[in-house]
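# A look at the structure
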Amino acid sequence: MSDRSALAGERVPVISEAPQAAPDRARLRQVLRRGGRSGRSAAGNGTGRAQRIVVLDGLRMLAALSVVLFHYLAGYGTIPWQRTAGELFPTLHRISQFGWLGVAFFFMISGFVICMSGWGKSLQHFWQGRILRLFPLYWAAVVLSSAAARLGPQVPGEPKVTFGQMLTNLTMLNEPLGVEPIDNVYWTLWVELRFYLIFSLVVLLGSSYRRVATFCWLWALGSVMAPASGIPLLEQLLLPRWAPFFIAGIAFYLVRRAGRLEGETAGILALSWLLMQHRLPEIMKAEGHGIDWKVCLTTITVMYLVMGLIALGKLDRVQWRWLPVAGAMSYPLYLLHQSLGVRVIWRWNEPWGAWPTLLGVIAAMLLLSWLLHRIVERPLTRLLRRAMASQGERSQKAAA
């Protein structure tokens, strides 16, 4: 019997006794705060249904735009411009060099959202939700990017995309299969998939405060030990470079469920921050970001503070109607901005001029992202959901 059922059973004999009602409600709140499936803040209305936190949608778009500016303006060479971006946009060029931090923010938000969306779900429903969220737009992006690579303006030094390469990319497993991505941004999707894989252990066992907190401690410890283990598979699974960001996001969701920052979650967050600052130089070197470590660390610390405000409900009043739309557009924008936008910039920035090209390409990418969300993601997601539901019904009938 669950904690909620036990409490409900205890309350039946004393329904008419008013003095008992308040203690029972207090006990119920205490159980839910410690990780029941209908936590106050996570469920929003106490029904067990996750409340949409729209400010996260806005932060997704902010992170996506920062990555867009990084790819368009941060380079020291001429590509994608005929002249250097530093010469054309001196101030934006310096700022955009830190735009790669949007990826780190994506991972932190992902830890929060995946823990929230997977709480109380079966492993099957968890993975169905992930497939529906990731793959329809990804398939469209792979096809469009492949077409642009073969038919669009050619960027100097870019290898030609083959048909087999495109087909392998459709699996989202091209990196472990040793096949080059159609677009360089796809590497983050393989990181996400590995996060989903290890978080599946929590979903399989059943989400609770204790299990999720223990998972965070063990993952943090494992991510420290993995590089020294000499086992490549262990390092692949435990994501030493990026684990601190996911762990922080998960811990912030635990704060959200509890409605306050407790000692253990504060400890998890502190450990994730310390591991992050240790890994940051390694990340910067590996990704080729030769920029100020102190500025990067300060920016990520601000991300922690913003996520803390969200976890404590301080930003729940932000309910602008356009934020969910912006959040829906952030994923297709991230997938397509480089493979398509860079080609347009390279081909037309000289005749159009630098600023009109930059603003026009960003506007075009935003419009394309909205169109893909409306005419590709929505109908294809509905189709896949119906197919999954039909398969589930057939499986149930076969089992019966």
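Nothing here was measured: the structure is a model prediction, and the numbers come from that model.

### Observations regarding the nonpolar core
Tyr72, Phe112, Phe199 and Trp219 are the most contacted members of the largest nonpolar core, which has 118 residues in total. The dominant element in this core, judged by the number of residues it contributes, is helix H7 (residues 101-118), at 13 residues. Once you skip the residues sitting within four places of it in the chain, Tyr72 turns out to touch Pro80, Trp81, His337, Gly341, Val342, Ile345, Leu358, Val361, Ile362 and Met365.

### A look at helix H10 (residues 187-205)
Since one α-helical turn is 3.6 residues long, residues separated by three or four positions face the same way. In a regular helix each residue adds 1.5 Å, so 19 residues correspond to 27 Å; H10 covers 29 Å between its end C-alpha atoms and thus fits that length. At Phe199, H10 shows its strongest bend, of approximately 30°. Within H10, 14 of the 19 residues are buried, which leaves the element mostly enclosed by the surrounding structure. Following H10 by one or two positions, Gly206 has its phi on the positive side, about 105°.

### Topic: unusual backbone geometry
Positive phi, close to 70°, is recorded for Met172, a residue that is not glycine. Relative to the assigned elements, Met172 resides in the loop between helix H9 (163-169) and H10. A positive phi is found at Leu239, a non-glycine position, where the angle reads about 50°. Secondary-structure assignment places Leu239 in the loop between helix H12 (232-238) and helix H13 (243-258).

### Points about the packing of aromatic side chains
Following the criterion strictly, the structure yields 27 aromatic pairs and no others. A ring pair is formed by Phe135 and Trp139, whose centres lie 5.6 Å apart and whose planes are at 50°; its orientation type is tilted. Of this pair, Phe135 and Trp139 both sit in helix H8 (residues 123-151), four residues apart, which is roughly one turn of that helix. Look at Trp139 and you get partly exposed, because its relative accessible area is 29%. Positioned above the aromatic ring of Tyr196 is the side chain of Arg130, whose terminal nitrogen or guanidinium carbon lies 5.5 Å from the ring centre.

Parameters and conventions
Residues numbered from 1 in each chain as written. Predicted model: local features only at pLDDT ≥ 70, side-chain atom pairs only at ≥ 80, totals over all residues. Heavy atoms only, no water. Core = buried A, V, L, I, M, F, W, Y, C linked by side-chain atoms within 4.5 Å. Buried < 20%, exposed > 50% of the residue type's maximum accessible area, 1.4 Å probe, protein only. Helix = DSSP H or I, 4+ residues; strand = E, 2+ residues; numbered from the N terminus. Contact = heavy atoms within 4.5 Å. Expected span 1.5 Å × (residues − 1). Bend = angle between axes of the 7 residues up to and from the residue. Phe/Tyr/Trp six-rings, centres within 6.5 Å; stacked < 30°, edge-to-face > 60°. Lys NZ or Arg CZ within 6 Å of the ring centre and 35° of its normal.

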